[in-house]
Amino acid sequence: MNTINSADICVIGGGICGALLARKLALAGSSVLMLESGPRVGRGELVERYRHSAFKSDFMAPYPFSEMSPHPVFTPEANKYIEQVGPHAFQAQYIRMLGGTSWHWAAQMWRYLPSDFKTQSLYGVGKDWPISYEELEPYYYEAEVISGVGGSLDTGSPRSKPFPMEPVPASYFQQRVTERLAPEFKVLDDCTARNSRSFDGRPACCGNNNCMPVCPIDAQYHGGIAATSAEKAGVHTITEAVVYKLEHDHQGAITAVNYYDWNKTSHRVTAKTFVIAANAIESVKLLLMSASTKFPNGLANRSDQMGRNLCDHPAIGVTFDVDEPIWPGRGPVSPCSIGQFRDGDFRREHAPFRIDISNSSQVASVTKELIGAGYYGVKLEGAIRDRASRRMSIKNALEQLPDPDNRVTLSDKKDALGLPTPRIYWDIDDYVKKGTAETRKRYDEIAKQLGATNIKHSKEGAFSNRQHITGTLSMGKDENNSVTDPFGRAHDHPNLYMVGTGVMPTVGTCNVTLTAVALALRTADKILSEARHA
């Protein structure tokens, strides 16, 4: 075990946000120590683990599980790491490993809409952010340049500079769906950190159609690449370091962090500045575990807002068979979407949404369906080819409003290190349900336009998680109803910052990683500015 125990800045969590913040600080000359609770695993091993997994539809399958740094597992049986106490299960799938959860994503890097930052002012719902789109725009671009983002210019998010990457060329599937749905539905290239040409020492996408759970050639950006770039910049990383407590002085300034290695030996690290960059659930857990006499309800929680306002995109889906072969399964799994329902005055009444069009191969699901229906032999082979070539799957990203009752707290259950596991209460309100009804109408219109048969909507009243978790560490100008200030600094602790999706007050209608990274880069600038003036 490495014995380094001090630095200018200690970053807790080695995911994409923590790593890129740490990299920027190190490049500016700060000594940075990054603590990651999980192991270090390379892409080659992850690809092999997935290749040999019996559960190809499980995006957590390649990622090693450890009792020392546990995360939620749902296949083949749920490990119940998260205690569910609400009406709807919050089935979060996050990875505790160097590089974090963006290892198993589809590299979606969308900007919020300008209106997403002020929904309360514009529509009387949700929360206004303490910053504007214009303030974040330079950091959006900085994040896009690092990760190599390309996409459609017509997303509703103004740009001061062009995308740094050209989109991956549209597959036959994308071309036919775009043509068939026009002009009623405008299909846009997704904004993704996926190489359409050699970039940053990595190759262009070659269409493996395996973006989730792991790109086998690193054509798409992810947190593992971010962590490597941080280390090249001089960041010192300790993996298998499970932080369980933050110490503070009598004024509330953080003085040290304590972590267990996987032998349950405790270590103590001191620094001038501390940054919590674990995900939106594990960050809350750590702050609650660090409760003290001065802060009996946990650190950063005098407002009683820490852990509250948990949001995701409660998703519904539909599958159907198009009236012509469209051949999904070649190219990126999430190449395009429909964005015309993301904004409008209707947001006063129901949730806005974006419709994701999946290009994932349908062979496995179709085969299972046909075998279950009694097909075999030559008839089975022909039916697989026919249905898999015509099967289409779509889902939505639907905005959920912040609700203080939707929250993360500590369970009475303990893990192998004796640390409490998360407890989550999550419910779905009428705003989401009305948006869901609108989504189903659009699904039916799309299916009709594509001459669809065998239409199967997801179960009424059931929602899946999109793993776009926000709100639990919400930023704001008023310390009475937020956890951090507009730069991610804890209201209660002058040298404690937080980065990641948890600081985002609202979830919008798009994937949240780009916004979280942009905020992290902005926080890095703030830390550097504070250090210069200290």
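Refer to the structure above for everything that follows.
Bear in mind that the values here come from a model prediction, so they are computed numbers and not experimental data. (Residues numbered from 1 in each chain as written. Predicted model: local features only at pLDDT ≥ 70, side-chain atom pairs only at ≥ 80, totals over all residues. Heavy atoms only, no water.)

Draft legend 1. Quick peek at the sheet that holds strand β13 (residues 407–414). Taking strand neighbours across the sheet as the criterion, the 3 strands line up as β3-β14-β13 in an open arrangement whose pairing is mixed. Each end of this open sheet is capped by a strand with a single partner; those strands are β3 (83–84) and β13. Each of β13 and β14 (420–425) touches helix α7 (residues 282–289); the most contacted strand, β13, lies at about 65 degrees to it. (Pairing = 2+ DSSP bridges. Helix = DSSP H or I, 4+ residues; strand = E, 2+ residues; numbered from the N terminus. Contact = heavy atoms within 4.5 Å. Axes fitted to C-alpha atoms, helices over the stretch in contact; angles between N-to-C directions.)

Draft legend 2. View of the sheet that holds strand β15 (residues 453–457). Taken in spatial order, the 6 strands line up as β4-β10-β11-β12-β9-β15 in an open sheet, and their pairing is antiparallel. The open sheet has two edge strands with one neighbour each: β4 (187–189) and β15. In this sheet, neighbouring strand axes are inclined to one another by 25 degrees on average, regardless of whether the strands run parallel or antiparallel. Bridge analysis of strand β9 (residues 317–321) against β15 gives 3 bridges, and the strand direction is antiparallel.

Draft legend 3. Spatial organisation of the side chain of Ser283. When you line up the elements, Ser283 lands in helix α7. Exposure remark for Ser283: the relative accessible area of 0% places this residue in the buried category. A distance of 2.8 Å separates a polar side-chain atom of Ser283 from the backbone oxygen of Ala278. (Buried < 20%, exposed > 50% of the residue type's maximum accessible area, 1.4 Å probe, protein only. Polar contact = N/O pair within 3.5 Å; in protein donor to acceptor, adjacent residues only side chain to side chain.)

Draft legend 4. Representation of unusual backbone geometry. Note that the residue after Thr75, namely Pro76, is joined by a cis bond; omega there is -5 degrees. Its location among the elements puts Pro76 in the loop between α2 (43–51) and β3. A positive phi angle, close to 65 degrees, is found at Ala107, a residue other than glycine. Among the structural elements, Ala107 can be located in the loop between β3 and α3 (119–123). The residue Lys264 is not glycine, and still its phi comes out positive at about 60 degrees. With respect to the element layout, Lys264 can be found in the loop between β7 (254–260) and β8 (266–276). Assessed through its relative accessible area of 43%, Lys264 is described here as partly exposed.

Draft legend 5. A look at the pairing of β8. Two strands pair when backbone bridges link them, and strand β1 (residues 6–12) and β8 are joined in this way by 6 bridges, in the parallel orientation. Paired with Ser6 across the two strands is Thr270, which belongs to β8. By the bridge criterion, 5 bridges tie β7 to β8 in an arrangement that is antiparallel. Paired with Tyr259 across the two strands is His267, which belongs to β8. In this structure, the hairpin formed by β7 and β8 is closed by a connection of 5 residues, where Lys264 is found at a positive phi of approximately 60 degrees. Of the strand pairs in this sheet, β8 and strand β16 (residues 496–498) are connected by 3 bridges, and their pairing is parallel. Residue Phe274 lies in a different strand from β16, and its bridge partner there is Leu496.

Draft legend 6. Spotlight on the layout of surface pockets. As a volume, the second largest pocket reaches approximately 380 Å³. Residue lining of the second largest pocket: 21 residues in total, with Gly224, Ile225, Ala227, Thr228 and Ser229 positioned closest to the centre. Broken down by secondary-structure element, the contributors of at least two residues to the lining of the second largest pocket are α1 (16–27) and α6 (223–232). Tallying contributions element by element places α6 first for the lining of the second largest pocket, with 7 residues. Taken together, the residues of the lining of the second largest pocket sort by class into 8 nonpolar, 6 polar and 7 charged. (1 Å grid on protein atoms, 1.4 Å probe; cavity = no way out; pocket = protein on both sides within 12 Å on 5 of 7 lines; lining within 4 Å. Points joined across faces, edges and corners; volume = space filled by probe spheres on them. Nonpolar A, V, L, I, M, F, W, Y, C, P; charged D, E, K, R; others polar.)

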